[in-house]
Amino acid sequence: MLEIDADTGKLIASWGANTFLVPHGITVDGANNIWLTDVGLQQVFKFSHGGQRLLTLGEPRVGAWDGTHFNQPTDIAIRPDGSFYVSDGYVNSRVARFDRAGRFLQEWGKKGSGAAEFSNPHGLAFGPGGDVIVADRENSRIQVFDRSGVFKREWLGAKDKGRVFGVAVDAAGAYYVGVRRADYDPATNGVLKLDRDWRTVATIGFGTPGDPVFNAVHALAVAQNNLHFRAFEQLRRPPRTRR
C-alpha cells in the first residue's frame, strides 16, 4: 500500500509488503481507515491509516459462498455507521452486507442477467438517499437497490459502449461510470457522467481527440472537493490472473 501526496506525487508512506496476493478494491472510510479486497487471498481487510490490521474476513486462499467466505471479492462500500457491503465478485455473484464488527447480516444476488442477478458485481457506491449502486460488469449495466437489497431499478445506458467496471457518486448526486468494451483498447475506454436523473451529461475518453487516453478503466473514485475524479486503470498482469 502506497500513500502519495496528491499535489506533488511524493511518497508519504508505504506498508503491507508481502501481505497481499492480488489486491483489487480499495476504500477509505470516514475514520480514515483503509479497506481492501484481495481476489487472490479471497479476503477483505480493514487497516488503520498507518497499516495496523483491524479486521480480516474470509479464509486465506479458500473460495466459497457463505457468511464467512468470499470468492474473488471486488469492492467495498462503508456506511457512516460502520456497516459495509462487499461485491463478491469474479466467481460469486452476490452482494454481502455486514455490521460494523464484520458480522454477516444478509446477501442478495445470483448468477444471471435478471433483476438482482449479477455477472461479476465489480464496483459499489452509495447513491442519493443511501441506495446501494452496483456496477454489474459483464451485464453492462448498473443496478440500484435499497439499503436491504431490494431491487429498485437498472441503468442500461452503457450497453452500446461496453462493460461497466466502476461507479462513483459525488456529493451533488452525479454518477461517474467507468466503461470499457475491450481490454487495452483505448478507443473503447472512457468515463460517463450522469445527472441525478441518469441522463448522460458528459463523457471523457472513448477515443475522442484531445481527451485523456485510458488503457483499461477499472475503478473510479471522487475527490473530496468533488471538483474532479480519479479513474484507475488496470495494470497489465500475467494472463493467469484473468482480470
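The coordinates are above.
Quantities reported herein were computed from a predicted structural model and do not represent experimental measurements.

Topic: the sheet that holds strand β15 (residues 163-169)
Okay, so step 1: A sheet is described by the order of its strands in space; here four strands give the open sequence β15-β16-β17-β18, paired in antiparallel fashion. Since the sheet does not close on itself, it has two edges, and those belong to β15 and β18 (200-205), each with one partner. Across the sheet, the mean angle from the axis of one strand to that of its neighbour is 20°, orientation sign disregarded.
Okay, so step 2: By the bridge criterion, six bridges tie strand β16 (residues 175-180) to strand β17 (residues 189-194) in an arrangement that is antiparallel. Residue pairing in the sheet places V179 in a bridge with G190 of β17.

Quick look at the packing of aromatic side chains
Where two aromatic rings form a pair, the distance of their centres and the angle of their planes describe that pair.
Okay, so step 1: Tallied over the full model, the rule gives 15 aromatic pairs.
Okay, so step 2: Each ring, one from F70 and one from F98, has its centre 5.9 Å from the other, and the planes form 55°; the classification is tilted. One end of the pair, F70, is in the loop between β6 (53-57) and β7 (73-78); the other, F98, is in strand β9 (residues 94-98), and 28 residues separate them in sequence.
Okay, so step 3: Through a chain of ring-to-ring contacts, the aromatic side chains of Y85, W108, F118, F126, F145 and F151 assemble into a single cluster.

Considering the sheet that holds strand β13 (residues 141-145)
Okay, so step 1: Ordered by their spatial adjacency, four strands build an open sheet running β11-β12-β13-β14, and the pairing between neighbours is antiparallel. Since the sheet does not close on itself, it has two edges, and those belong to β11 (121-126) and β14 (151-155), each with one partner. Going from strand to strand, the sheet's axes swing by 20° on average, the running direction of each strand aside.
Okay, so step 2: Where strand β12 (residues 132-136) lies against β13, five bridges are found, and the strand directions are antiparallel. Counted as the bridge partner of V134 is Q143 from β13.

A word on the nonpolar core
Okay, so step 1: Counting 17 residues, the largest nonpolar core has I133, I142, W155, V177, L192, L194 and W198 as the members making the most contacts within it.
Okay, so step 2: With 11 residues, the next largest nonpolar core counts L55, I78, V86 and F98 among its residues.

Some details on the side chain of N71
Okay, so step 1: As for its position among the elements, N71 is in the loop between β6 and β7.
Okay, so step 2: Note on N71: relative accessible area 14%, which makes it buried.
Okay, so step 3: If we ignore the near neighbours within four places in the chain, the residues touching N71 are Q42, G63, A64, D88, G89, Y90, V91 and N92.

Some remarks on the pattern of salt bridges
Okay, so step 1: This model, assessed by the stated rule, comprises 13 salt bridges.
Okay, so step 2: Residue D136 pairs with R141 through a salt bridge whose shortest N-O separation is 2.7 Å. Just as D136 is buried, R141 falls in that class too.
Okay, so step 3: We note a salt bridge from E138 to R163, for which the minimum N-O separation is 3.4 Å. Highlighted residues: E138 in the loop between β12 and β13 and R163 in strand β15, separated in sequence by 25 residues.

Criteria and cut-off values
- Residues numbered from 1 in each chain as written.
- Predicted model: local features only at pLDDT ≥ 70, side-chain atom pairs only at ≥ 80, totals over all residues.
- Heavy atoms only, no water.
- Pairing = 2+ DSSP bridges.
- Helix = DSSP H or I, 4+ residues; strand = E, 2+ residues; numbered from the N terminus.
- Axes fitted to C-alpha atoms, helices over the stretch in contact; angles between N-to-C directions.
- Phe/Tyr/Trp six-rings, centres within 6.5 Å; stacked < 30°, edge-to-face > 60°.
- Core = buried A, V, L, I, M, F, W, Y, C linked by side-chain atoms within 4.5 Å.
- Buried < 20%, exposed > 50% of the residue type's maximum accessible area, 1.4 Å probe, protein only.
- Contact = heavy atoms within 4.5 Å.
- Salt bridge = Lys/Arg side-chain N within 4 Å of Asp/Glu carboxyl O.

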